[in-house]
Amino acid sequence: MRDAVVIGGGPAGSKAAELLARDRDVLVLEEHRESGLPVECAGLVTDDVLALSGVRPDILNRLYGANVFFPGGGTISVRSSWPKANVIDRADLDRRMAWRATDAGAEYRYNDRYIGHTATGNVKVRSTGGETGCSLLIGADGHSSSTAMSLGAGNGPREYVRGFQMDLRKKYDEQDMINIRLGSEVAPGFFSWEIPFGDNVRVGLCTSWPAGPPAVYMKALLKKAGLEDAEVIRKYSGKIPLGGRPKTYGERIMLIGDAAGQVKPVSGGGLFPALKSADALKETAESSFISGDFSEKALSAYEKKWKAAAGREMRNGYRLRNAYLKLRDIDLDRAFSIASRESVRSVLDEINLDRPSSVVSCMRKRDLASLMPILMRALL
Ligand SMILES: Cc1cc2nc3c(=O)[nH]c(=O)nc-3n(C[C@H](O)[C@H](O)[C@H](O)COP(=O)(O)OP(=O)(O)OC[C@H]3O[C@@H](n4cnc5c(N)ncnc54)[C@H](O)[C@@H]3O)c2cc1C
């Protein structure tokens with residue numbers, strides 16, 4: 001019997017496996033033939049994410065700022081004097097994190113899909129590879145997590161956004177800036193991105209669920225970006241859970257990463273909150289291994305701890321997202337005139353991408369007051 005079985009060999013599962021395997025016997029079940037594929041990510045991460053991952057994946061580019069395009073044609077450029085984000089090879093990150101967990105002692109079983117489990121006495125995990133017993137189950141099986149749903153039918157995320165992305169052969173002159181486009185024509189309920197990396201550009205968008213599949217909006221985006229004739233190298237798609245899940249622990253089980261709904265609601269980035277939550281998981285698990293108490297009550301400490309480490313941005317970010325969802329294109333254009341003020345731009349220049357909602361608290365009272373009528377109309 002294993003100490004712990006981790007479902008999912010993505011970044012959240014591999015980080016949890018690495019930390020647990022330092023002291024315990026850990027098995028990771030991954031349904032694909034290797035970690036990292038298929039890719040469902042733009043690969044945009046801060047230096048803090050790389051430090052938390054513990055590995056050094058291939059870095060394709062570094063970005064210093066963003067050109068933000070508003071629906072009516074207004075553009076704001078925000079730029080920092082230091083690199084804000086790295087464009088990484090996401091498959092390489094996942095692979096390296098799995099190797100690191102293996103080095104720490106975790107065993108990976110690929111092509112093995114979790115089917116279900118029972119948690120009376122110990123845990124019995126059923127997977128396509130057979131049955132495995134363990135003391136503790138870690139659900140790190142991503143956005144459509146079956147382990148999360150084992151905690152109850154109501155344990156879905158508040159909402160999903162859907163993403164569609166392509167790598168195109170096109171060299172952007174401005175290599176150190178990401179283009180972000182807002183508005184109902186290109187990305188209703190979210191935003192689009194163009195991320196340059198050398199001779200190529202990664203262009204993608206997400207849409208809120210009621211707006212329909214994102215691929216439908218790609219044509220308008222390519223036209224606006226002047227990319228209609230660029231050669232397509234690769235296409236990706238995926239879902240992002242937003243707003244958190246009601247429960248991230250239960251009898252002999254803890255969830256981490258997308259499975260736990262640990263995603264920043266403003267940007268859709270999930271790597272930072274997932275990796276920030278891993279220490280809380282390790283600490284709680286270790287207390288249970290020592291006490292032998294894996295009850296729901298004992299594991300509830302995990303949710304308190306990870307929320308203390310990463311929950312604030314999720315709460316504040318989701319409030320901002322709710323307001324954003326209600327803004328019409330005309331409201332976004334009104335917000336543009338305020339956002340282009342020097343006093344607001346200087347705050348945006350220094351934005352921390354892992355805590356994007358903190359810009360609100362850094363803004364001058366006068367600028368916030370000008371934004372208030374737009375936000376109030378949206379919130380009411
Ligand atoms: C279009 C798009 C762009 C994004 N861009 C960014 C970005 O730039 N930066 C950022 O930080 N985040 C981004 N994200 C979000 C980010 O990709 C996720 O938050 C991150 O992958 C979460 O990691 P995870 O380990 O929790 O889940 P995953 O990476 O999804 O890993 C889960 C693993 O579990 C496995 N699995 C699932 N079910 C089973 C099962 N039943 N049995 C066994 N294995 C199973 C899967 O195969 C997968 O390997 C983006 C997402 C999308 C969709």
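Here the structure is a predicted model, which means the values were calculated and not measured. (Residues numbered from 1 in each chain as written. Predicted model: local features only at pLDDT ≥ 70, side-chain atom pairs only at ≥ 80, totals over all residues.)

## Considerations on the overall build of the protein
So, point 1. A count of helical and extended segments in the protein gives 11 helices and 18 strands.
So, point 2. By the compact-globule yardstick of 21 Å for 380 residues, the protein fits well, its C-alpha radius of gyration being 21 Å.
So, point 3. Overall size of the protein, expressed as C-alpha extent along the three principal axes, is 60 × 45 × 40 Å.
So, point 4. Per-residue burial over the protein gives 46% buried out of 380 residues.
So, point 5. Of the contacts made within the protein by residues no fewer than 6 positions apart, 71% connect residues no fewer than 24 positions apart. (Helix = DSSP H or I, 4+ residues; strand = E, 2+ residues; numbered from the N terminus. Rg over C-alpha atoms; globule rule 2.2 N^0.38 Å. Buried ≥ 20, exposed ≤ 12 C-beta atoms within 10 Å, placed from the backbone. Contact = placed C-beta atoms within 7 Å.)

## Thoughts on the sheet that holds strand β3 (residues 44-45)
Neighbouring strands of a sheet are bound in pairs by backbone hydrogen bonds; such pairs are parallel or else antiparallel.
So, point 1. Pairing is antiparallel in the open sheet, where three strands are placed in the order β3-β7-β4. Two strands bound the open sheet, and with one partner strand each, they are β3 and β4 (59-63).
So, point 2. Here β3 pairs with strand β7 (residues 85-88) via two bridges, running antiparallel. When the bridges of β7 are listed, V45 appears paired with N86. (Pairing = 2+ DSSP bridges.)

## Side note on the site of the ligand
So, point 1. As a matter of local geometry, the ligand sits amid 38 residues, with G8, G10, G163, G257 and G270 nearest to it.
So, point 2. For the shell around the ligand, the secondary structure elements donating two or more residues are α1 (11-21), β3, β12 (159-169), β16 (231-242) and α6 (271-291).
So, point 3. Class assignment for the residues of the shell around the ligand results in 15 nonpolar, 16 polar and seven charged.
So, point 4. In terms of domain composition, the shell around the ligand takes at least three residues from each of domain 1 (2-43 + 89-157 + 245-312) and domain 2 (64-86 + 159-241). (Near = placed C-beta within 6 Å. Nonpolar A, V, L, I, M, F, W, Y, C, P; charged D, E, K, R; others polar. Domains from an automatic or database assignment.)

## Concerning the environment of I138
So, point 1. Inspection of the secondary structure puts I138 in strand β11 (residues 130-139).
So, point 2. Between the C-alpha atom of I138 and that of R79, which follows or precedes it by 59 residues, the distance is 40 Å.
So, point 3. Among residues more than four places away in sequence, those in contact with I138 are A4, V6, I7, G13, A16, M254 and I256.

## Some details on the domain arrangement of the protein
So, point 1. Examined at the domain level, the protein breaks down into domain 1 (2-43 + 89-157 + 245-312), domain 2 (64-86 + 159-241) and domain 3 (322-379).
So, point 2. Between domain 1 and domain 2, the C-alpha centre-to-centre distance is 30 Å.
So, point 3. The interface of domain 1 with domain 2 comprises 11 residues on the first partner and 14 residues on the second.
So, point 4. Of the residues contributing to the side of domain 1 that touches domain 2, the split by class is five nonpolar, four polar and two charged.

## Quick word on the pairing of strand β13 (residues 177-181)
So, point 1. Burial runs high along β13: four of the five residues are buried.
So, point 2. The pairing of strand β5 (residues 65-69) with β13 spans five bridges and is parallel. Residue F69 lies in a different strand from β13, and its bridge partner there is R181.
So, point 3. For β13 and strand β14 (residues 192-197), the ladder comprises three bridges, and the chain directions are antiparallel. By the bridge assignment, N179 is partnered in β14 with E194.

## Description of unusual backbone geometry
So, point 1. Looking along the chain, the bond that leaves L37 and enters P38 is cis, with omega of -5°.
So, point 2. Along the chain, P38 turns up in the loop between β2 (26-29) and β3.
So, point 3. In this structure, N111 takes a positive phi of about 55° despite not being glycine.
So, point 4. Although it is not a glycine, R252 adopts a positive phi angle of roughly 60°.
So, point 5. Position of R252 relative to the elements: it lies in the loop between β17 (249-250) and β18 (253-255).

## Focus: the packing of α6 against helix α7 (residues 296-325)
So, point 1. The geometry of α6 relative to α7 is characterised by a closest axis approach of 8 Å and an angle of 160° between their N-to-C directions. Here α6 is positioned roughly antiparallel relative to α7, judged by the angle of their axes. Classified by chirality, the crossing of α7 by α6 is right-handed. Packed against α6, whose contacting residues are P273, K276, S277, A280, L281, E283, T284 and S288, the element α7 presents A298, L299, A301, Y302, K305, W306, A309, A310 and M314 at the interface. (Axes fitted to C-alpha atoms, helices over the stretch in contact; angles between N-to-C directions. Parallel < 35°, antiparallel > 145°, perpendicular 65-115°, else oblique. Left-handed = near helix turned anticlockwise from the far one by under 90°.)

## Observations concerning α6
So, point 1. The terminal C-alpha atoms of α6 lie 31 Å apart, and with 21 residues this matches the ideal 30 Å at 1.5 Å per residue to within 8%.
So, point 2. In the structure, α6 departs most strongly from a straight axis at A278, where the bend amounts to approximately 30°.
So, point 3. Just beyond α6, the residue with positive phi is G292, at close to 75°. (Expected span 1.5 Å × (residues − 1). Bend = angle between axes of the 7 residues up to and from the residue.)

## A short note on the sheet that holds β5
So, point 1. Strand order in this open sheet of seven strands is β6-β5-β13-β14-β15-β12-β16, and the pairing throughout is mixed. Unpaired on one side and paired on the other, β6 (75-79) and β16 mark the two borders of the sheet. Across the sheet, the mean angle separating the axes of adjacent strands is 15° when strand polarity is ignored.
So, point 2. Sheet topology places β12 next to strand β15 (residues 200-208); nine bridges connect them, and they run antiparallel. Bridging across to β15, Q165 finds its partner in G204.

## Here's the deal with the nonpolar core
So, point 1. Grouped together as the largest cluster of nonpolar side chains are 92 residues, with contacts concentrated most on V6, A16, I138 and I256.
So, point 2. Of the residues that make up this core, three or more belong to each of domain 1 (2-43 + 89-157 + 245-312) and domain 2 (64-86 + 159-241). (Core = buried A, V, L, I, M, F, W, Y, C linked by C-beta atoms within 7 Å.)

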